[in-house]
There are 2 protein chains.
Amino acid sequence: MALKRHGRNKRLIFQLTKAINLKNLLVAFLKLIRKFFIFVVYLINLKDLTALNTKKNIKINCSVCPGRSHSMFNDLTNDELDQLSQHKTCIRYKKGQTLFYEGTRPMGLFCINSGKVKVYKISSEGKEQILNLSKPGDFLGYRALISEEFYNASATVIEEGAICYIPKSDFLGILHSNPLFFNKMMKRICQELGLMEDKLVTIAQKSVRERLAATLLMLKETYGMEGVDSNLIDIALSREDLANIIGTATETVIRLLSDFKNQQLISLQGKKIKVLNPKGLIREADFYGR
Amino acid sequence: MALKRHGRNKRLIFQLTKAINLKNLLVAFLKLIRKFFIFVVYLINLKDLTALNTKKNIKINCSVCPGRSHSMFNDLTNDELDQLSQHKTCIRYKKGQTLFYEGTRPMGLFCINSGKVKVYKISSEGKEQILNLSKPGDFLGYRALISEEFYNASATVIEEGAICYIPKSDFLGILHSNPLFFNKMMKRICQELGLMEDKLVTIAQKSVRERLAATLLMLKETYGMEGVDSNLIDIALSREDLANIIGTATETVIRLLSDFKNQQLISLQGKKIKVLNPKGLIREADFYGR
DNA sequence: GCTCAAACATGACTTAAGTCATTTTTTGAT
DNA sequence: ATCAAAAAATGACTTAAGTCATGTTTGAGC
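Computed from a predicted model, the values in this text were never measured in an experiment.

Comments concerning the sheet that holds strand β1 (residues 57-58) of chain A
All names here are of chain A.
Consideration 1: Across the sheet, five strands lie side by side as β1-β2-β9-β4-β7; this open sheet has antiparallel pairing. Strand pairing shows two members of the sheet lacking a second neighbour, β1 and β7 (139-140), which therefore form its edges.
Consideration 2: Pairing analysis gives two bridges linking strand β4 (residues 108-112) to β7, with the strands arranged antiparallel. The residue of β7 that forms the bridge with C111 is F139.

Set out below in structure tokens:
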């Protein structure tokens, strides 16, 4: 897809050796410096630092977790839940704090008690691609834990909440001692693989307009309010986040959103979006020929 | 991404009722007819029909399967292999024959003895997106089998070969009676999920040129010849297939390939592609700023 | 309530890549 | 060997969506 914002500012180290004349050498050097600084900026996440001292340990019992009903832990016995809780730590996270970084080694499982988290990868051009949004009751990081690889993505809190952390050994212990649970996890991961394939096809084949419409509908399903206001999408996503979900530029999302607004398909209430005409959006999502 | 070839020729049934004037009604009707014909064409795959009578049952022993060394069945005992083979059927497939269609119910596992298979989805616009290329030793269809869903994709032979079919119950039997094997499958699927996430980011963020270069390198790794000619990509992919892997138009692939050829990065030997300058391709794949 | 930075919005312009049309080459069947 | 159909190649043109610049609104912190 993608024209790139920083497409032409990159160079690989080995090319240094090939830059024979001074100008080339200088350019290569500067690009290397630039790359280094990008890396440092990546490591030092300012929001993390400022938020560090606000972390505090809290006590949360799994059995009263609001997400429990649709959690994978749903039908574990109380004994097993106790076993998981033994070394569990629960921490309150503020918006912008990062649970784990791509490329690091997973040491345990994150389980969201409250709040919302985005799971994303940073491409070589430095652009973020959101792979998933997680909500209370969801697990995070089990893929890497099970396949014994490094994290394949990063996870950052987008709406403040409490998140529990279960050490690797406790989780794997239950996983291997309870075949039913293992089976359930297996099925879930297979489903997720199917969903990921669907996402791939969507991004590869549909226009940005169609993808935005489809994403709005998906968000309405997942984060729609209960009861009367069921068309209000209850998640504080910036236009940039939205752009990073559908894989496009922020400006494009803004333009399309006001387009949809003009067409009375949605209305914008502050940060939150309300779906006025779901059928219209479905039409936009499928094909937008008129 | 995508401007679409048939973007404006579609309409849903319910809209028929809304077309009040005669012209709209006629247009809607024609579009409906068109959609119906597309559906019929989808159902009647001519290549399948003409190839039907060439199928014949053959006997293949798993223990001599050329792909066994890197197959998931690799370290099953001979007893277990016998058990799997009991109701196994092996059939020779010609190019263009389809193993299974998206949306149908899986009844067993396909295991490739020889030949190559593409796994793909057809988008609502009728365009094909290739998700995977499978080679001897690979499994097909286990995801749907395990998650007990319908096939999420279709699989069609692109290079003639022999493919074995193991009934669902036999496969699931081994899966649930051999925890080590179950575990191994679980890990594999987790890895695959990771790979799929990577693919998603690549398609969402990289330009077509970068993706083509990356795909050529991947194909060289996977299908490169043994020994001297290790840079010859030994898979008969049409330009269209290649376009459907990277998610672009056939013409674009053709143009870029002759571009790469002019740059001496590759050479075209009939259908097959030879990588002349891997480092150059790596550079193209990462960033093509100059 | 005021300030300032971040987020949102909009216009102008550029370009990668899609689409359509036509020609050339390859391939497989008779 | 011949022919027709499929695949590959190339040119001309269009457009979705990216990029850059600049202005406006919002909201968190003092």
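Brief notes about the environment of P136(B)
Residue and element names in this part refer to chain B.
Consideration 1: Among the structural elements, P136 can be located in the loop between β6 (128-134) and β7 (139-140).
Consideration 2: Taking C-alpha positions, P136 is 9.1 Å from A162, a pair spaced 26 residues apart along the chain.
Consideration 3: Once residues within four sequence positions are removed from consideration, P136 is found in contact with G67, H70, I112, N113, S114 and G115.

Here we look at the pairing of strand β2 (residues 89-93) of chain A
All names here are of chain A.
Consideration 1: The sheet contact formed by β1 and β2 spans two bridges and is antiparallel. Looking at the pairing, N57 lines up with I91 of β2.
Consideration 2: Inspection of the sheet shows β2 paired to strand β9 (residues 161-167) by five bridges, in the antiparallel sense. Residue C90 lies in a different strand from β9, and its bridge partner there is C164.

Let's talk about the side chain of S134(A)
Consideration 1: Relative to the assigned elements, S134(A) resides in strand β6 (residues 128-134).
Consideration 2: Not counting residues up to four positions away in its chain, the partners in contact with S134(A) are I112(A), G115(A), K116(A), V117(A), V119(A), L140(A) and Y223(A).

What to know about the packing of helix α7 (residues 208-223) of chain A against helix α8 (residues 239-246) of chain A
Two measures define how a pair of helices packs: the angle their axes make with one another and the distance between the axes.
Residues and elements named next belong to chain A.
Consideration 1: Relative orientation of the contacting elements α7 and α8 amounts to 110 degrees, with a least axis distance of 10 Å. Taken together, the axis directions place α7 and α8 in an arrangement best described as roughly perpendicular. Contacts between α7 and α8 involve V208, R211, L212, T215 and L219 from the former and L242, I245 and I246 from the latter.
Consideration 2: Looking at side-chain class alone, the contact of α7 with α8 contains six nonpolar, one polar and one charged residues.

Comments concerning the domain arrangement of chain A
All names here are of chain A.
Consideration 1: In terms of domains, chain A is made up of domain 1 (13-43), domain 2 (46-201) and domain 3 (206-286).
Consideration 2: Distance between the C-alpha centres of domain 2 and domain 3: 26 Å.
Consideration 3: The interface is formed by 12 residues belonging to domain 2 together with 14 residues belonging to domain 3.
Consideration 4: Between domain 2 and domain 3, a total of about 1100 Å² is buried, with carbon and sulfur atoms accounting for 51% of that surface.
Consideration 5: For domain 2, the biggest contributors to the area lost against domain 3 are K116, I130 and L133; these three give 38% of the whole.
Consideration 6: Our enumeration of links across domain 2 and domain 3 arrives at one salt bridge.
Consideration 7: Ionic pairing is found between D241 and K118, a salt bridge with its closest N-O pair at 3.1 Å.

So, the sheet that holds strand β2 (residues 89-93) of chain B
Residues and elements named next belong to chain B.
Consideration 1: The strand order across the open sheet formed by five strands is β1-β2-β9-β4-β7, and the pairing between neighbours is antiparallel. Each having just a single partner strand, β1 (57-58) and β7 make up the two edges of the open sheet.
Consideration 2: Pairing geometry for strand β4 (residues 108-112) and strand β9 (residues 161-167), over five bridges, is antiparallel. Paired with F110 across the two strands is Y165, which belongs to β9.
Consideration 3: Taken strand by strand, helix α6 (residues 168-177) contacts β4, β7 and β9, and its axis lies near 70 degrees from that of β9.

Cut-offs applied
Residues numbered from 1 in each chain as written. Chains lettered and ligands numbered in written order. Predicted model: local features only at pLDDT ≥ 70, side-chain atom pairs only at ≥ 80, totals over all residues. Heavy atoms only, no water. Pairing = 2+ DSSP bridges. Helix = DSSP H or I, 4+ residues; strand = E, 2+ residues; numbered from the N terminus. Contact = heavy atoms within 4.5 Å. Axes fitted to C-alpha atoms, helices over the stretch in contact; angles between N-to-C directions. Parallel < 35°, antiparallel > 145°, perpendicular 65-115°, else oblique. Nonpolar A, V, L, I, M, F, W, Y, C, P; charged D, E, K, R; others polar. Domains from an automatic or database assignment. Buried area = accessible area lost by both parts, 1.4 Å probe. Salt bridge = Lys/Arg side-chain N within 4 Å of Asp/Glu carboxyl O.

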